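Coordinates in review
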Amino acid sequence: MIGVVKKNDHPHIGLAIATAGVMALGLAVGLKLLGLMARIDAFFLSAFSPDAMKAPERPLEPVILWAATALLAFALPAVILNVPGLWRRLIIWGVTIGLTFSWGPVLVLASRMPEIGVALVAVLWSGSCAMFYTINHVLPVDLPEIKNDNHAKS
C-alpha cells in the first residue's frame with residue numbers, strides 16, 4: 001500500500017503529530033523515572049566538561065527543560081509532515097538533532113548541568129515516528145500539483 005493513493009484516502013496529519021509528540025514525551029518521562037536519564041546526562045557532563053574547568057552544579061529548571069522538550073516533541077513532526085521530499089525531511093531531522101546536541105556545551109559554559117538527554121530522546125523518537133509515517137502514507141505535500149489549464153488558454 002506504500003505510495004498508492006485511494007479515493008477519499010486522507011492522511012491524518014494532526015493526529016500523527018499529536019501521537020508522535022505524546023509517544024516521545026512518554027518515552028522521555030519513562031526513561032527519567034527509570035533513572036536512565038541521569039546516566040545519559042552524566043555521560044554528557046563528562047564529555048562536555050573540560051578537565052581544567054570545575055563541573056557545573058546548577059541544574060536546569062525542570063519547567064524550562066520539559067517545556068522545551070514538549071515543544072521539540074510536537075514541532076519536529078509538525079515540520080517533517082508538512083515538508084515535501086525525503087531528503088528535506090532527513091535534513092530537518094538531522095539539523096534538529098545537531099542543534100539539540102549542541103546545547104550541551106553551551107549549558108556547561110553557562111555553569112548549568114547539560115541535561116539534554118530528555119530533549120535528545122524526544123527529538124530522536126518523534127522524528128523517527130514522523131519519518132515512519134511519511135514512508136507509509138502519501139502526504140498532501142507530496143502529491144503532484146494539479147495544473148489548471150483554464151488560465152493558460154486565456
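For the structure itself, look to the data block above.
**Concerning helix α6 (residues 117-136)**
Compared with the 28 Å implied by 1.5 Å per residue over 20 residues, the 29 Å span of α6 between its first and last C-alpha is a close match. The buried count for α6 comes to 14 of 20 residues, which makes it a mostly enclosed element.

**A closer look at the side chain of Glu115**
Residue placement: Glu115 occurs in the loop between α5 (103-109) and α6. A distance of 3.4 Å separates the side chain of Glu115 from the backbone nitrogen of Leu60, its partner in a polar contact. If sequence neighbours within four positions are ignored, Glu115 has contacts with Asp41, Pro59, Leu60, Leu65 and Leu107.

**Some words on the environment of Pro84**
On the secondary structure map, Pro84 appears in the loop between α3 (62-80) and α4 (86-101). Spatially, the C-alpha atoms of Pro84 and Asp142 are 5.4 Å apart, while their sequence positions differ by 58 residues.

**Details of the side chain of Ser126**
Tracing the sequence through the fold places Ser126 in helix α6. Owing to a relative accessible area of 0%, Ser126 belongs among the buried residues under this scheme. Within polar-contact distance, the side chain of Ser126 engages the backbone oxygen of Ala122 at 2.8 Å. Each residue touching Ser126, except ones within four places of it in the same chain, is listed here: Ala20, Ala24, Leu72, Ala73, Leu76 and Pro77.

**Comments concerning the packing of aromatic side chains**
Summed over the entire model, instances satisfying the criterion amount to four aromatic pairs. Ring geometry for Phe44 and Phe48: centres 5.8 Å apart, planes at 10°, overall stacked. Residue Phe44 and its partner Phe48 are located together in helix α2 (residues 36-48), separated by four residues, close to a single helical turn. Its relative accessible area of 9% is what places Phe44 among the buried residues. Summarising the aromatic geometry, the rings of Phe48 and Phe101 are spaced 5.3 Å apart at their centres and angled 65° between planes, so their arrangement reads as edge-to-face.

**Structural notes on the pattern of salt bridges**
Evaluation of the coordinates by the stated rule reveals one salt bridge. Between Glu57 and Lys54 there is a salt bridge, with the nearest N and O atoms lying 3.6 Å from each other. Each of the two residues, Glu57 as well as Lys54, counts as exposed.

Procedures and definitions
Residues numbered from 1 in each chain as written. Predicted model: local features only at pLDDT ≥ 70, side-chain atom pairs only at ≥ 80, totals over all residues. Heavy atoms only, no water. Helix = DSSP H or I, 4+ residues; strand = E, 2+ residues; numbered from the N terminus. Expected span 1.5 Å × (residues − 1). Buried < 20%, exposed > 50% of the residue type's maximum accessible area, 1.4 Å probe, protein only. Polar contact = N/O pair within 3.5 Å; in protein donor to acceptor, adjacent residues only side chain to side chain. Contact = heavy atoms within 4.5 Å. Phe/Tyr/Trp six-rings, centres within 6.5 Å; stacked < 30°, edge-to-face > 60°. Salt bridge = Lys/Arg side-chain N within 4 Å of Asp/Glu carboxyl O.

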